[in-house]
Each structure stands twice: as structure tokens, then as C-alpha cells.
Amino acid sequence: MELPRLTGALRSFSNVTRQDEYIADSSEMMAKRSKRKDHSCKTRLTWKDITHLVEKVAQTEHQNVGENVKNLLKAARQLVGIEQEQETVESAAVFLFKFFHDKDHVGHEETKAVKQMFGPFPPSAATAACNAAYRIASNFSEEELQKLVCADESASQISRVHFGKNINFSFDSFALEPSGELPLNCESYNQKDFSLDYDKYFSNHQGDLKNGSIDNPDLKCSNKVDGSFLRQEVDRYIIGILQESSDRPTTDDLCETLLEMLASNKSDDELQNELFELLGAEGLELIEKLLQQRRTIVEKTLTHTTDLKLSYLQEASKKGIGGNAQPIYGCQVTVQSEQEKQLLKQYRREEKRLAKREKKDEGEFSEGLQYFDPKELRSHREHALQSARIAPILTRQHDYERIHYPNVYDSKGEAMQSAAFIAGAKMLLPEDVERENNKVYEQVAIPATQPMPTGIQEKPIDIKNLDEIGQLVFKGLKRLNRIQSIVFETAYNTNENMLICAPTGAGKTNIAMLTVLHEIRQHIQQGVIRKDEFKIIYVAPMKALAAEMTNYFSKRLEPLGILVKELTGDMQLTKGEILRTQMLVTTPEKWDVVTRKSVGDVALSQIVRLLILDEVHLLHEDRGPVLESLVARTLRQVESTQSMIRILGLSATLPNFLDVATFLHVNPYIGLFFFDGRFRPVPLKQTFIGVKASNKMQQLHDMEEVCYEKVLIQLKEGHQVMVFVHARNSTVRTAMALQEMAKNQGDIMYFAPNQSADYGSAEKQFGN
């Protein structure tokens, strides 16, 4: 029987579907996808079915049919693109076979249908596919073809039954009589007198309790609590939950501790937290019973007990519950039994453990009678060492205090450290998420996150308040943005290594400029910049980005006379040009080659004073080892020559920013800056669209239609749109498909560019 589906909220806030010792693995998902794929293959026409029929053809005609099959696959690959997978090509070949098996030429209708499925296509490919499909079909009988095609059409016409559509609802109404009473806890009650406020209800019926009249059901329920209630519940808790635990407490010890806590003067809220720390999440049911029947449990247990070790608690509890509290005067001699001593020791141990968590001193809770036994402490220590020696190392749990870094703004990390997440609650999407579900796709739109409120210590940095060098370089800007203002003090006035993790477009390039200005200021003597004493290296991941950064830094640093050059595989520099240049913008591979040389460029690497690594998150990709070698070589040079080389890492948001900061030798309390999505200058709204089609060709077709629909919405609103594709070869194909759909639907005017002064030159460059 298939389990019912549950909502995300029910799964998150309950343990309905929680499994013990569940290991997250993708094999289950892969198995479901494989099962769905096999079911689709059984009900629809596949390429294996066509090849199976081809194998049944007579041996004399097999060679020709095999060539036609290859030609059909070749034509399908030309239509869908060379970069597509084999499964997609076979799906396209099946479509071409079904469409052209009864046609001997490509007409206007056929061209329109193929263009609607594949977009713009070469006519020779469609002609080759038509000829190959017609020749393959000519070798089969009419019955085989009809059976093959009709079976696929009947399978495609079977509509998928959505969940909940076939549920039969009963419209019979059942009404209760107005005078009827609903049962509650095996008793009847009057709905008008029912109240959830137990204290108010108890105070109203306290007189009946004193008179011995307990006709009310609530008082009957409380009367069920007797002197053995606490011991029974503790036994059930230990046997049911702590049965497998080796260091579980005894029933007597746990009863004494719980009774002492229930008899204290603490409120229910304070006591609830202490009970949760003592019993854990598994004892929530026991905690609920103890708090609901707290007064009754204490009175019944202290009234009926005859145990000597609970007599001391009886007097203390009566004072705590509301008796006449009288001062206790100490004396020189105190007579205590051995059981009372054990009880007091356990009480003090419990108080000490709570005080340590609250970071209290021992003097705050060491009140009352003191007891110290060196032999007992020695025995406890030896027992703890023996237990630690036997226990496995990797399964030991430690309570580490969470370290707070001053410049880390990570809302997700804070949420994962909350008590609800640790207890097993899952993270859900925001409440204002918009969902759209139709036959073609499912869409989930996540709204933009609210910006983080400005802190008291955050002050924007005005450019007019900078020194003369800063004002020259940042000419045209009024002030630094929020992220740059937070980073300013460390970047502009210290030599600390830094790691900046911020969203795209947050202004990380200007942060790099602040570190460049700090390095230049250190080499100014009597108002003159000593240009031959330092080199600044900016490592960009791509050549195009290196050229862009060269242009940006050249314009900004031109008033200072700082020369910026690009050093990549396409832009070679002579040794004289390198010596005359103060800042080099290069790629990881090029700088790796330069620093590997043992002779020639040693002087260049020895005068490097600032290394800026852009896109540090590429450490996880294929080019990561190159970046790793650059950092390792730089750190080794710092240790061997005792020279100061500052490292600045710029990156998008990283999940393991602490590991990267340690690798770059960044002090996490000074040079580590992490900014989440709340610091974006422009709020980001995310929309996720999932296409439902299982057929590869249908997926491509549906994706293009959905892409056109979303692009058209943005264009009508006057926005600019950028579409990213999976492969470089798909760029032209997607653009032509969007253009064709715009022409067919009469929306081509939204895609036409504005006639500006640079339009003619851009058109010429595109044509060349």
C-alpha cells in the first residue's frame, strides 16, 4: 500500500515521516527515475522498438535498412544539435520516423511542423530524414506500421491521473443533537463550563476538593495521581527510552532529582527548560505530565512516602509551595543520614551543571551545607577515566561553544544553529511564495529577501573625508556603499589578509581598489610614489574579465601615474614593460607559469606586495589546483624571505568560508567578511521552473516555449533580458527559436533593437 502524501508543513513540524538511521542517498531517486523511464519505454514508441523491427527484416535488405537507420540518426543529430546527448538524438529520430513514415517529400506543412518542434533547421537535414524514414517504413508491412504507430498514439492519449482526482467524497451529513454531550477522557462534560485555563478551574473548585466532593471529571483525573505516580512514570521513561543506554540513571536517583525540581520555587517556564535539558527531547511526554500535575505530584508523593531520603525534600517543598517560610539558623553540629548526604550531593551536582551552562561562578550556587570527600572525588575521576578509555572516540559527543565572528552576516547559518533546527525541524520556503502548476511546467517564485537593518555602528564613508589619494581615485563617487563602508577600515588602514564573500554586483572591485590604494600609500616618500618598490598582481579567472579589469584600474589609477597592464596568453609583455608596470592583471595559468620559473622572473615575484585573487570559489572546480599552487607558493615565499605579501580573496557566497579563510591565512576576527543575500544592492527574486515532459525532445520544445513566454513578459515591461544556455553551440539555436516564435505570434517588435548611434557599427561587427 502506498503511503499518503503529506504537506511540507506537516513533514517539518512533526515526526510522521521521520526514519531512524536514515542515510541520504541519491540511489533511491535514481531508482525512481529509472522505473519511470522503463514505464515510459513500455507504453511509448522508442528507438529500440524501431531497431528491433529492423532486425526482423530479411537478410537481403538488412544492409540497406541499416544505412537508412544511420542516415535517420545523422539527420536527427543535425536538427537537435551536435552537443545533445544520445538519448535526445534517439528521441528526435523517433519523432521524425513517426512523422515521415508515410510521406515521400517535405512540403509546406511538414516544414512548419518540424520548425515548430526543432526551431530553425537546415532543409537538407529534413529532406534526409524524410527519405530515410520513408525507406525504413517501406520494408515493413502495413499491419506492423499501424500497430506500432497506433500503440504509441493510444499511449500518448492516456491522460495522467493527478493525485486526489480519483478520491470519492461522501456528501452525507452527520449532525449531533444539541442536547448531546461529547466525551472527554472517558467522561462527559458541559461545553459551556469547559475551559483550557486549569489554574482558574482548580481555584474555582478548590472548595469542593476540601469538602471531599469530587464529582467533577477534571478533579477525578487529578485524583488519579497517587504517591507512586512519579515512580511509575519514571520507570516507564527509563525502560522505554533509556533501555539501551549504558549510563542510564537509576529510578530512585531520577525520582529524587525530579521531585526536588518540582518542589522548587521556580516557575513552570523555567522548570520546563531545566526538565528538557535533563530528560531530552524523548521525554517531552513525561515533562508535560509533570508540569500539568506538578502540585498534585508533590503533595501526594510527600504525603504517602515513608522513605527517609525524601523527608528532607518534604520540608523544603512545603516551604517552597506556600508554607510559612521561616529562617534556618545554622549550628555547629548537623546530623544527617547517609541517604540525605547522597541526596544533597546529587542536588549540588545538578546545580553546578546548570550554573556552568549559565557561566556562573561556584560561589553563586554553593549555599547551604557543604560536603567534601577527597576519596569519593578520586573514585569518580578514576571511573570517568575508565569509561573514557573503553568508549569509542568517534561517537563521543562534545558541547562546543559556538564562535561568533564579528563580520559574518549569515542568516542561514544562524537558522541552522537554532534549537528548532537541531531538534529536527526542516527549513521551509517563505509564506509569500507563489506557485503555479499547469500541464507543461511547475513554477515556484521566491520573493526577494528584505535587506538587513542598518546597525548602530555602521556609518557610510564619504569620499570627501578620504585623503588626497582616495579622492583622486574615487573621483565622481559621493560615498562608498554599505559593504565597502563596513570593510573600509580593514582594507584601507591595515595589512591584514582578507576574504570577501559577497553577492554579485555588491562592489567587490572597489574593495580591491581600497587595498591597492593602501599599498600605494605605503610607498610614498616626500610626496613621491616609489614605483619601483612594489608590484600588485590581480588574478582574474578569464581573459575577457582580465581585459575589463585592466581598463577599469587604468582609468581609476591614471591620476596617480600608476601603469596597469594585462599579462595573459594573448597579451605578452617584454621584461622592460613588466618592470615599468606597477599593476599586472593576469590569469591563474599565466601567473603560475611566471612564478614557476627559477631564473629571469625571480625579481618580479620578489617585489610583489599585494596579490588579489578574484573568484576564489573556483578552488572547487577544475582550475582549483592552479589557484591552490599560487597561494601555497606565495605563502612559502613569505615564510622564506620574511617579506610582507598581502592576499585578498574575492568570491561569491561560499558555504565553507572558514576553510577558505584558513587556507588564505586570514584572521577570521579581522579579515573575514561574509555577506549573504540581504546585502544585495538590487533585491533578487528567484523563479524556478520545472518542465514535466519525460521525453527529451518534448523537454527541449517545452523549455523553449517557456523561455519565450518569460522573456516576452520582461520585454513588455521594458526590462533587459539575458538568457543563459547549457552549451555554447545552443546559443544561436535558442536565439533563432525565440526569433521564429516572435514572428509567428506577431511579437517581433518587442525584440527589435533601438536605433541608436552605435547600432550601425555593432551591426557591422556582428556581420563580420
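Preceding this paragraph is the structure being described.
Residues numbered from 1 in each chain as written. Predicted model: local features only at pLDDT ≥ 70, side-chain atom pairs only at ≥ 80, totals over all residues. Heavy atoms only, no water.

**Student:** Explanation requested: the overall build of the protein in the structure shown.
**Tutor:** Within the protein, the secondary structure is distributed over 34 helices and 15 strands. Buried positions account for 33% of the 768 residues belonging to the protein. For the protein, the share of sequence-separated contacts (at least 6 apart) that also reach a separation of at least 24 residues comes to 68%. Summed over all atoms, the accessible surface of the protein reaches about 51400 Å², with 52% contributed by carbon and sulfur. (Helix = DSSP H or I, 4+ residues; strand = E, 2+ residues; numbered from the N terminus. Buried < 20%, exposed > 50% of the residue type's maximum accessible area, 1.4 Å probe, protein only. Contact = heavy atoms within 4.5 Å. Areas by Shrake-Rupley, 256 points an atom, 1.4 Å probe, with all protein chains shown as cover.)

**Student:** I keep staring at the sheet that holds strand β11 (residues 583–586) and nothing clicks. Help me out?
**Tutor:** Paired through backbone hydrogen bonds, the strands of a sheet run either parallel or antiparallel to each other. With respect to topology, eight strands assemble into an open sheet ordered β3-β14-β6-β13-β12-β9-β11-β10, the strand pairing being parallel. Of all strands in the sheet, those with a lone pairing partner are β3 (408–409) and β10 (564–567), marking the two edges. The strands that helix α25 (residues 543–557) touches are β9 (535–539), β10, β11 and β12 (608–614); relative to β10, the one it contacts most, it runs at about 170 degrees. Running over the sheet, helix α27 (residues 588–596) touches β9, β10, β11 and β12 and is turned about 120 degrees from β11. (Pairing = 2+ DSSP bridges. Axes fitted to C-alpha atoms, helices over the stretch in contact; angles between N-to-C directions.)

**Student:** Would you take a moment to explain the sheet that holds strand β15 (residues 686–691) for this structure?
**Tutor:** On the basis of which strands lie adjacent, the open sheet formed by three strands has the order β4-β5-β15 and antiparallel pairing. Two strands close off the open sheet at either side, each with one partner strand: β4 (434–437) and β15. Pairwise comparison of adjacent strand axes, ignoring direction, gives a mean angle of 10 degrees for this sheet. Pairing geometry for strand β5 (residues 441–446) and β15, over six bridges, is antiparallel.

**Student:** How do you make sense of the pairing of β11 when you look at a structure like this?
**Tutor:** Along any regular strand the residues' side chains alternate between the sheet's two faces. What you see with β11 is no split at all: M583 and V585 on one side and L584 and T586 on the other are buried throughout. In terms of strand pairing, β9 meets β11 through four bridges, oriented parallel. From the neighbouring strand, I537 faces β11, where its bridge partner is L584. As judged from the four bridges shared by β10 and β11, these two strands associate in the parallel manner. Looking at β11, one finds that E566 is bridged to V585. In this region the chain leaves β10, passes through helix α26 (residues 575–580) and returns to the parallel neighbour β11; the handedness of that crossover is right-handed. (Right-handed = clockwise from strand over helix to strand, strands pointing away.)

**Student:** Please clarify how the pattern of salt bridges should be interpreted in this entry.
**Tutor:** Between side chains of opposite charge, pairing is possible as soon as their charged atoms come close. A full pass over the atoms with the stated rule returns 16 salt bridges. R294 is the salt-bridge partner of D268, the closest N and O atoms lying 2.8 Å from each other. Of the two residues, D268 is situated in helix α14 (residues 268–279) and R294 in helix α16 (residues 294–304); the sequence distance between them amounts to 26 residues. Ionic pairing is found between R479 and D462, a salt bridge with its closest N-O pair at 3.3 Å. Here R479, found in the loop between α22 (468–473) and α23 (482–493), pairs with D462, found in the loop between β5 and α22; they are 17 residues apart in sequence, far enough to count as distant. Within this structure, E233, R236, E285 and K289 form a network of salt bridges that share partners. (Salt bridge = Lys/Arg side-chain N within 4 Å of Asp/Glu carboxyl O.)

**Student:** I tried to follow the nonpolar core on my own but got confused; where do I start?
**Tutor:** Note on soluble globular proteins: their nonpolar side chains tend to be buried together. One finds Y538 and L557 to be the most contacted residues of the largest nonpolar core, which totals 47 residues. Take this core: its biggest share by element is seven residues, from helix α24 (residues 508–521). For Y538, the contacting residues outside a window of four places in its chain are A512, M549, F553, M583, L584, V585, T586, I612, D614 and L650. (Core = buried A, V, L, I, M, F, W, Y, C linked by side-chain atoms within 4.5 Å.)

**Student:** When you look at the side chain of E233 in this model, what are you seeing that I'm missing?
**Tutor:** Structurally, E233 is set in helix α12 (residues 229–240). On the accessibility criterion, E233 (9% relative accessible area) is buried. In terms of polar contacts, E233 uses its side chain to reach the side chain of R236, at 2.9 Å. Not counting the four nearest positions on each side in its chain, E233 is found in contact with L286 and K289. (Polar contact = N/O pair within 3.5 Å; in protein donor to acceptor, adjacent residues only side chain to side chain.)

**Student:** What's the story with unusual backbone geometry in this structure? I'm lost.
**Tutor:** Most peptide bonds are trans, and most residues other than glycine sit at a negative phi. The phi torsion at Q526 lies on the positive side, around 55 degrees, for a residue other than glycine. As for its placement among the helices and strands, Q526 is situated in the loop between β7 (524–525) and β8 (528–529).

**Student:** When you look at the packing of aromatic side chains in this model, what are you seeing that I'm missing?
**Tutor:** Here the distance between the centres and the angle between the planes together describe a pair of aromatic rings. Applying the stated criterion across every chain yields a total of ten aromatic pairs. Ring centres 5.1 Å apart and planes at 55 degrees place the aromatic pair Y409 and F679 in the tilted group. Of this pair, Y409 sits in strand β3 while F679 sits in the loop between β14 (672–675) and β15, placing them 270 residues apart in sequence. Taken individually, Y409 and F679 each receive the classification buried, so the pair is uniform in this respect. Between Y708 and F751, the ring centres sit 5.9 Å apart and the planes meet at 5 degrees, which makes this aromatic pair stacked. Of the two residues, Y708 is situated in helix α31 (residues 696–716) and F751 in helix α33 (residues 748–751); the sequence distance between them amounts to 43 residues. Take Y708: its relative accessible area is 3%, and that puts it in the buried class. Ring pairing ties together the aromatic residues Y409, F673, F675 and F679, which thus form one cluster. The lysine or arginine in question, R521, covers the ring of Y492, its NZ or CZ lying 4.3 Å from the ring centre. (Phe/Tyr/Trp six-rings, centres within 6.5 Å; stacked < 30°, edge-to-face > 60°. Lys NZ or Arg CZ within 6 Å of the ring centre and 35° of its normal.)

**Student:** Where do I start with α31 in this structure?
**Tutor:** One turn of an α-helix holds 3.6 residues; hence residues three or four places apart share an orientation. Over its 21 residues, α31 extends 30 Å from the first C-alpha to the last, a length consistent with the 30 Å expected when each residue adds 1.5 Å. For α31, every residue scored as buried is listed here: M697, L700, H701, D702, E704, V706, C707, Y708, V711 and L712. Of the residues flanking the start of α31, the one acting as N-cap is N695, its side-chain oxygen 3.0 Å from the backbone nitrogen of M697. Two residues or fewer after α31 comes G718, characterised by a positive phi angle close to 85 degrees. (Expected span 1.5 Å × (residues − 1).)

**Student:** Is there a simple way to explain the packing of α14 against helix α15 (residues 284–292) in this structure?
**Tutor:** How two helices pack is summed up by the angle between their axes together with the distance between the axes. The N-to-C vectors of α14 and α15 enclose an angle of 150 degrees; their axes lie 10 Å apart at closest approach. Considered as vectors, α14 and α15 are oriented roughly antiparallel to each other. Crossing handedness for the pair α14 and α15: right-handed. Where α14 approaches α15, its residues D268, L271, Q272, L275, F276 and L279 are matched on the opposing element by L284, L286, I287 and L291. (Parallel < 35°, antiparallel > 145°, perpendicular 65-115°, else oblique. Left-handed = near helix turned anticlockwise from the far one by under 90°.)

By themselves, these observations are geometric and do not establish any function.
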